[in-house]
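Structural features, examined
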Amino acid sequence: LGGIDTADMGRIMGNAIAAKVDTLVSTQLGALTAQESLGVNLLDELYKAIGTVREAGETGPLNCVVSAAAYQGFMSVIGSSAFANADIQNAAMRSGYIGTLAGVPCYVSAALNDTNTTLTNTKFAVFSQDAMRLAMQGGVKLESERRAAAVGTDIVSSLAFQVAVIDASRGVIVQDAV
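1. As for the overall build of the protein chain
For the protein chain, the count of helices and strands is five helices and eight strands. Out of the 178 residues belonging to the protein chain, those deemed buried represent 35%. When contacts within the protein chain are restricted to residue pairs at least 6 apart in sequence, those whose partners lie at least 24 apart make up 75%. Entry remark: accessible area of the protein chain is about 9800 Å², with carbon and sulfur atoms responsible for 54%.

See the structure below:
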């Protein structure tokens, strides 16, 4: 492949596919049960969202995806005196990883934004595995094709997948009041 680092190619193509998956998942998260932000404390809102999902009958494990825009708010609360000397505060300050709050693993995604969700000031989503499903056929495919006119080879990666909300009551998306 003429001096191209194949490890870099794999990383770049993998990141491109992951970004597309994140965007489509975030778009579907916008279809979960909407809950307006109280504008007070993001952790209080997280606890309320968890309660809303539990009241809807969900008893299984939950996940939380925090928008990159709301990340600072979460970290400010975790860094406050309310969490002084707590393991989560120490880990969050060292690594920036939010961690597990109220038994719910929390992740950050730049794809969870107003453009993808079509909501106003998206904060975060809490959901169970029964809220939505991702179907994938085959896995990542890699193709190469020689192009003599370009004096090179095209390398293309692709993935056949789709994501859809199955039960919107099994998840909550928190946004600012409209």
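Next comes the rest of the write-up.
2. A closer look at the sheet that holds strand β3 (residues 99–101)
Spatial ordering of the open sheet is given by β1-β8-β5-β2-β4-β3, a layout of six strands whose pairing is mixed. Where the open sheet ends on each side, the last strands, each with one partner, are β1 (33–36) and β3. Across this sheet, the average inter-strand angle for adjacent strands is 30°, counted without regard to direction. Strands in contact with helix α2 (residues 42–55) are β1, β2 (62–67), β3, β4 (104–109), β5 (122–128) and β8 (171–175); relative to β5, the strand with the most contacts, it is inclined by about 35°.

3. Concerning the pattern of salt bridges
Overall, the coordinates contain six salt bridges when judged by the stated rule. Close ionic contact of Arg11 with Asp8 constitutes a salt bridge, the shortest N to O distance being 3.4 Å. On the criterion of helical spacing, the pair formed by Arg11 and Asp8 is a turn pair, its members being three residues apart in helix α1 (residues 6–29). On the basis of relative accessibility, which here comes to 46%, the residue Arg11 falls in the partly exposed class. The partner of Asp176 in a salt bridge is Lys123, and the shortest N-O contact between them spans 3.4 Å. Of the two residues, Asp176 is situated in the segment after β8 and Lys123 in strand β5; the sequence distance between them amounts to 53 residues. Under the relative-accessibility criterion, Lys123 is labelled buried at 19%. Each member of the salt-bridge network shares a partner with another, and the members are Glu58, Asp167 and Arg170.

4. Some thoughts on unusual backbone geometry
Phi is positive for Thr118, close to 60°, though the residue is something other than glycine. For Asn121, which is not glycine, the phi dihedral falls at a positive 50°. Relative to the helices and strands, Asn121 resides in the loop between α5 (114–117) and β5. Its relative accessible area of 37% is what places Asn121 among the partly exposed residues.

Cut-offs and rules
- Residues numbered from 1 in each chain as written.
- Predicted model: local features only at pLDDT ≥ 70, side-chain atom pairs only at ≥ 80, totals over all residues.
- Heavy atoms only, no water.
- Helix = DSSP H or I, 4+ residues; strand = E, 2+ residues; numbered from the N terminus.
- Buried < 20%, exposed > 50% of the residue type's maximum accessible area, 1.4 Å probe, protein only.
- Contact = heavy atoms within 4.5 Å.
- Areas by Shrake-Rupley, 256 points an atom, 1.4 Å probe, with all protein chains shown as cover.
- Pairing = 2+ DSSP bridges.
- Axes fitted to C-alpha atoms, helices over the stretch in contact; angles between N-to-C directions.
- Salt bridge = Lys/Arg side-chain N within 4 Å of Asp/Glu carboxyl O.

Fair warning: the whole summary comes from geometry, so function is off the table for now.
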